[in-house]
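So the chains spell out like this:
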Amino acid sequence: MTTKPLPDELSALLGVPAATLHLDALPPPDELPQAKSLDSAAPVASFFAEGTAAGPPLPLALPARAPFTLSRAFGEPAAFLVEPEGPFTLLRGMVDPLDAPDGLLVADSRTQPVSLRQGAWLLDLDAGRVQIWRLPAESGPRLRAEASPLPAEPPPWPGLEALTEGYSCPSWLERRVKMLASSPDPLNRLVAAGMLHRLWSPADRTERQRALRAAMAGDAPMVGSIRRWLVTVPAWEALEEEVRLRALALTAEIEALAELLLEDELSGRAAASRVLACRDDLASIATVLAIAGRPEGAWHEAILASDRAAFHHSAALADALFLDADDPWLQAVARVEPDAWWGALICR
């Protein structure tokens, strides 16, 4: 692990001050065999398409716990295959889904940089150069010195059963919660718990009666179990800083959406869907922070800033979103957030 100043343009995109950050950096690419059968202006996906590519993708060694895998095209050092392990934010450049069932993305860094943020990790690709930053959990003097001794993490995930306490859970919500809880990004544990509380609904009359009695007694479903789970959080301030950075990254993606739509409608639609999902994730995090009794600080202001950006770019969001009306997650979000801008986009 070395340290290196975060470039000014990335500092501006992330909303963090220019400072020396912990860095995992890969060296510039070695000389690679160039494909003679592919035109230099060919779409980047062609470097990975079966029957078209010059050779198999070349996997790159990444830092431990990095929440993505990365491979370089055999015939083009500036073309990459990225497999993120969870939700991510595209800060600049363009990525496109590969026509494959594995959630793979292709990133073209031949003519412009591509920067992806996933939790506390930042992946930057530029003309074949690969750099990976582990962003700090706290601001202040520690940004320039040693890492915080207290991890910016919630406690270990207690399991779905411990939080539901005997209530049933629909299969779609169970899958989504478990996926988030197992994400390499620790912040997604808060998303998972908040989503469980916000989007759960009773399955039958018996559960409705039980939930009603619990709410009347001041102990709504999931609230007590989530509060008990969070009792041992070691560093709330560090976690809240992670929330603030995620909200700032969302604002940057919203503000870039209109221009992206003009350049590439498919990428713009994908970005709009990420915006909606990320904002709902922040609503889940805010719910958990409220359950834990945390005050509304800089993290809350950053979320409000993303809402203001969404208001200014509401037309682009409305034009770009293409939603599956049968998706049970979208239906649940629309049910619980009908007056919020992202819930209203689903309801339209």
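Residues numbered from 1 in each chain as written. Predicted model: local features only at pLDDT ≥ 70, side-chain atom pairs only at ≥ 80, totals over all residues. Heavy atoms only, no water.

A. Representation of helix α12 (residues 328–336) in the model. Looking at α12, one finds that the buried residues are Trp329, Leu330, Ala332, Val333 and Ala334. The elements touched by buried residues of α12 are α3 (171–181), α4 (187–199), α9 (265–291) and α13 (341–347). A side-chain oxygen of the first residue of α12 lies 2.9 Å from the backbone nitrogen of Trp329; this N-cap is Asp327. (Buried < 20%, exposed > 50% of the residue type's maximum accessible area, 1.4 Å probe, protein only. Helix = DSSP H or I, 4+ residues; strand = E, 2+ residues; numbered from the N terminus. Contact = heavy atoms within 4.5 Å. Polar contact = N/O pair within 3.5 Å; in protein donor to acceptor, adjacent residues only side chain to side chain.)

B. Just the side chain of Glu207, in detail. In this structure, Glu207 sits in helix α5 (residues 205–216). It is Arg210 that comes nearest to the buried, bridge-free Glu207 among opposite-charge side chains, at 5.7 Å. When sequence neighbours within four positions are dropped, the list of residues in contact with Glu207 reads Gly166, Tyr167, Ser168, Trp200 and Pro202. (Lys, Arg positive; Asp, Glu negative; His and termini not counted. Salt bridge = Lys/Arg side-chain N within 4 Å of Asp/Glu carboxyl O.)

C. Summary view of unusual backbone geometry. Positioned with a positive phi, Ala127 is a non-glycine residue whose angle comes to about 50°. In this structure, Ala127 sits in the loop between β10 (121–126) and β11 (129–134).

D. Examining the packing of α4 against α12 more closely. The geometry of α4 relative to α12 is characterised by a closest axis approach of 10 Å and an angle of 70° between their N-to-C directions. One way to sum up the angle between α4 and α12 is to call them roughly perpendicular. Counted together, Met195, Arg198 and Leu199 of α4 and Trp329, Ala332, Val333, Arg335 and Val336 of α12 form the full contact between these two elements. In terms of residue class, the contact of α4 with α12 is made up of 6 nonpolar, no polar and 2 charged. (Axes fitted to C-alpha atoms, helices over the stretch in contact; angles between N-to-C directions. Parallel < 35°, antiparallel > 145°, perpendicular 65-115°, else oblique. Nonpolar A, V, L, I, M, F, W, Y, C, P; charged D, E, K, R; others polar.)

E. Summary view of the packing of aromatic side chains. One pass over the full model with this rule turns up 3 aromatic pairs. The interplanar angle of 85° and the centroid separation of 5.6 Å between the aromatic rings of Trp157 and Trp229 together place this pair among those described as edge-to-face. Here Trp157, found in the loop between β11 and α2 (160–164), pairs with Trp229, found in helix α6 (residues 223–229); they are 72 residues apart in sequence, far enough to count as distant. Overall, the relative accessible area of 22% leaves Trp157 in the partly exposed class. The exposure class of Trp229 is buried, given its relative accessible area of 8%. (Phe/Tyr/Trp six-rings, centres within 6.5 Å; stacked < 30°, edge-to-face > 60°.)

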